[in-house]
Structure formats: structure tokens, C-alpha cells
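Topology and contacts: notes
For reference, the chains in residue letters:
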Amino acid sequence: MVSLPILLSAAPVAFAVSAETWDRVASCESSGDWNINTGNGFYGGLQFLPSTWAEYGGLQYAPNAHQATKEQQIEIAEKVLAVQGPNAWPHCSMVAGLADSEASGQKTEKRSESRANQQPEDIQNAAQTTTAQAVSPSSARITASAPVRGADVSTPYRQAGPWAAGYHTGVDFAVPTGTAVRAVTQGTVISSGWAGSYGNAIVLRHPDGMYTLYAHLSSVSVSAGQGAAAGQQIGLSGSTGNSTGPHLHFEARTENSYNAHVDPIAYLRSLGLST
Ligand SMILES: [Zn+2]
């Protein structure tokens with residue numbers, strides 16, 4: 001989730017968002033656990049940053065969002081939505097249909113317009129990392145990284161083939177064994193180690209509610225429960241499990257389950273990496 005400092009005072013906008021929609025956002029952000037604190041720096045069902053929680057008046061209810069009631073968290077979220085728009089929950093707003101709500105239509109349209117005007121660049125070259133916008137250069141930090149650098153796609157997403165789903169649920173990057181595999185954005189390690197046909201694999205959960213999976217690794221260098229920074233090396237590529245040769249199999253998922261995959265290249269783009 002993104003929480004940017006408010007630079008302009010915006011007139012409050014009435015957003016017609018149903019409780020069901022907020023439930024879907026929470027389901028995506030936190031598996032619907034309104035009292036969650038995983039230690040990833042985001043709190044509660046809608047994964048507030050402490051600064052956002054304080055800025056929008058949450059402190060009247062609780063020191064941190066996960067200590068407040070669901071109703072209180074939604075009340076603060078409505079205020080965040082009115083000023084920042086659905087992009088405060090960049091991925092889960094799409095998953096939950098928050099971005100489609102009538103009142104937010106205009107903002108969303110403007111945003112996609114400006115995104116469409118960006119010139120695509122090669123993910124293998126210039127756009128290996130992106131840095132936070134709206135921060136001073138001295139505090140700029142890497143917020144996204146390609147999972148492997150300088151790699152071609154050898155098998156695209158959804159290519160038909162001999163997989164359990166009948167098609168490819170991720171994207172393969174052609175890299176030799178021993179290539180550094182990196183967390184595409186900040187996250188928490190959900191699992192790391194042997195995972196059957198995936199061989200040695202790592203699953204990360206990101207603050208936006210999304211999951212990424214890195215498979216067929218020759219070695220892993222993180223453990224479940226650990227945090228990972230964007231661009232941090234988490235393992236080395238390989239050909240373990242059901243694999244015909246060295247490559248990185250990379251997936252993006254809305255939930256930590258086999259059928260929750262989405263287009264991994266589109267997810268990398270949404271992180272600011274262009275392909
Ligand atoms: Zn694959």
C-alpha cells in the first residue's frame with residue numbers, strides 16, 4: 001500500500017463504498033484479519049502505515065490501526081480514499097473493485113491516462129529498479145526490482161502445456177544456475193524451501209496484499225517469517241523440481257494458492273517496472 005504525504009488540501013469527496021467492498025479490500029490486504037500485525041510495517045485489515053493512521057485521525061481510536069475496530073478502520077479508510085483515491089491500495093483496490101466505484105471513476109481515469117502515456121522501456125535494461133516518487137532524493141530508496149536481471153522470457157504466462165493447470169501459471173526467465181534472484185518489492189517471507197514440482201521455492205507476501213513466487217531455485221537464503229527488502233537477493237536460480245533446465249519460474253498471485261495467479265508481467269509493470 002502507498003501512503004504519500006498530502007501536499008494539497010483536497011475538497012472531501014463523497015465515496016459510495018459498500019461495507020462489502022471494504023471487506024474485499026481487507027480480504028486482499030490482510031486475508032480479512034482486521035487485528036493483524038505481522039511486523040511488516042503495515043497494520044490492520046486495510047494495512048495502514050502508522051503515519052497514515054495518525055494523519056487521518058485514527059489516533060482518536062487507537063495507537064495503531066490493528067487495535068481499532070473494523071468500523072473505525074473503515075471510517076479512517078474512507079477519509080484516506082477521499083483524498084488519495086483508490087490508489088492508496090494500488091493492487092487490492094483493483095482486486096476488490098474499489099477502483100471501479102462510481103465516485104472514484106474520474107480519478108482512476110486520469111491515473112490510467114498518465115500511465116498510458118509513459119513510454120515502455122526494456123525491463124532488462126534501464127528499468128531494473130524504480131525508486132519512490134514524491135520523496136526527496138536523499139531519502140530515495142529502491143521500491144521495485146526485476147526478479148532476475150538481464151533475462152529474456154523463455155516461456156510466457158498462460159502458454160498451453162503439460163502443467164497441472166493445463167497452461168503456464170507464471171513466467172519463465174532464462175538464466176543460468178546461480179543467478180541472483182531478488183524480491184521484486186518489499187515483503188515478508190511466507191515460505192522458503194522444498195515445494196514439490198516447484199523445487200526449492202520462495203513465496204513472499206507484499207504490503208499491497210499480493211504474493212510472488214520464485215521457483216526451481218538451487219538455493220534459498222531467507223526463511224519464513226523474515227522480511228525482505230525490494231531488490232534483496234533471496235536465493236539463487238537453478239533447475240530443481242519439475243524443470244527441464246535452468247531458469248527462474250516467477251508467479252504473481254492475489255492469494256497464496258495455486259489458482260490465484262495473475263499476469264506476472266502486468267504485476268511487475270504495476271510496481272513501476274516496464275517491460
Ligand atoms: Zn515456469
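Conventions and cut-offs
Residues numbered from 1 in each chain as written. Predicted model: local features only at pLDDT ≥ 70, side-chain atom pairs only at ≥ 80, totals over all residues. Heavy atoms only, no water. Helix = DSSP H or I, 4+ residues; strand = E, 2+ residues; numbered from the N terminus. Contact = heavy atoms within 4.5 Å. Donors = N, O, S within 2.8 Å, 3.2 Å for Na, K, Ca; no water. Buried < 20%, exposed > 50% of the residue type's maximum accessible area, 1.4 Å probe, protein only. 1 Å grid on protein atoms, 1.4 Å probe; cavity = no way out; pocket = protein on both sides within 12 Å on 5 of 7 lines; lining within 4 Å. Points joined across faces, edges and corners; volume = space filled by probe spheres on them. Nonpolar A, V, L, I, M, F, W, Y, C, P; charged D, E, K, R; others polar. Salt bridge = Lys/Arg side-chain N within 4 Å of Asp/Glu carboxyl O. Expected span 1.5 Å × (residues − 1). Pairing = 2+ DSSP bridges. Core = buried A, V, L, I, M, F, W, Y, C linked by side-chain atoms within 4.5 Å.

Quick notes on the overall build of the protein
When its secondary structure is counted, the protein shows 6 helices and 13 strands. For the protein, the share of sequence-separated contacts (at least 6 apart) that also reach a separation of at least 24 residues comes to 59%.

So, the coordination of the zinc ion
Protein coordination of the zinc ion is provided by His168 (NE2), Asp172 (OD) and His249 (ND1), with donor distances spanning 2.0 to 2.1 Å. Donor residues for the zinc ion sit on one chain with the sequence pattern H-x3-D-x76-H. Here His168 is found in the loop between β3 (152-155) and β4 (171-174), whereas its partner His249 is found in strand β12 (residues 248-253), with 81 residues between them in sequence. Judged by relative accessible area, which is 1%, His168 ranks as buried. A relative accessible area of 5% means that His249 is categorised as buried.

So, the layout of surface pockets
Of the volumes computed, that of the second largest pocket is approximately 360 Å³. As for the second largest pocket, its lining consists of 17 residues, of which Trp163, His168, Ser197, His216 and Asn242 are closest to the centre. When the residues that make up the lining of the second largest pocket are grouped by side-chain class, the tally is 5 nonpolar, 10 polar and 2 charged.

Focus on the pattern of salt bridges
Inspection of the entire model under this criterion finds 3 salt bridges. For the salt bridge of Glu75 with Lys79, the shortest nitrogen-to-oxygen distance reads 3.8 Å. Separated by 4 residues within a single helix, Glu75 and Lys79 lie in helix α3 (residues 70-84), roughly one turn from each other. Note on Glu75: relative accessible area 33%, which makes it partly exposed. The class of Lys79 is partly exposed, set by a relative accessible area of 35%.

Comments concerning α3
Count 3.6 residues to each turn of an α-helix, and residues three or four apart come out pointing the same way. For α3, with 15 residues, the first-to-last C-alpha span of 20 Å sits near the 21 Å given by 1.5 Å per residue. Listed in full, the buried residues belonging to α3 are Gln73, Ile74, Ile76, Ala77, Val80, Leu81, Ala82 and Gln84. Backbone geometry just downstream of α3 places Gly85 in the positive-phi region, at approximately 80 degrees.

Some remarks on the sheet that holds strand β11 (residues 233-236)
Strand order in the open sheet formed by 3 strands is β5-β11-β9, and the pairing between neighbours is antiparallel. Every other strand in the sheet has two partners, leaving β5 (180-182) and β9 (219-220) as the edge strands with one partner each. Looking at chain direction, β9 and β11 are connected through 2 bridges and run antiparallel. Bridge pairing in β11 links Ser219 to Leu236.

As for unusual backbone geometry
One non-glycine residue with positive phi stands out, namely Gln47, at about 55 degrees. When its relative accessible area of 2% is taken as the criterion, Gln47 is described as buried. The phi dihedral of His216 falls on the positive side, at around 65 degrees, and the residue is not glycine. Residue position: His216 is located in strand β8 (residues 211-217).

What about the nonpolar core?
Phe173, Tyr214, Ile234 and Leu248 are the most contacted members of the largest nonpolar core, which totals 26 residues. Looking at this core, the elements with two or more residues in it are β4, β7 (200-205), β8, β12 and α6 (264-270). Counting 24 residues, the second-largest nonpolar core is a separate cluster that includes Val17, Val25, Trp34 and Trp89.

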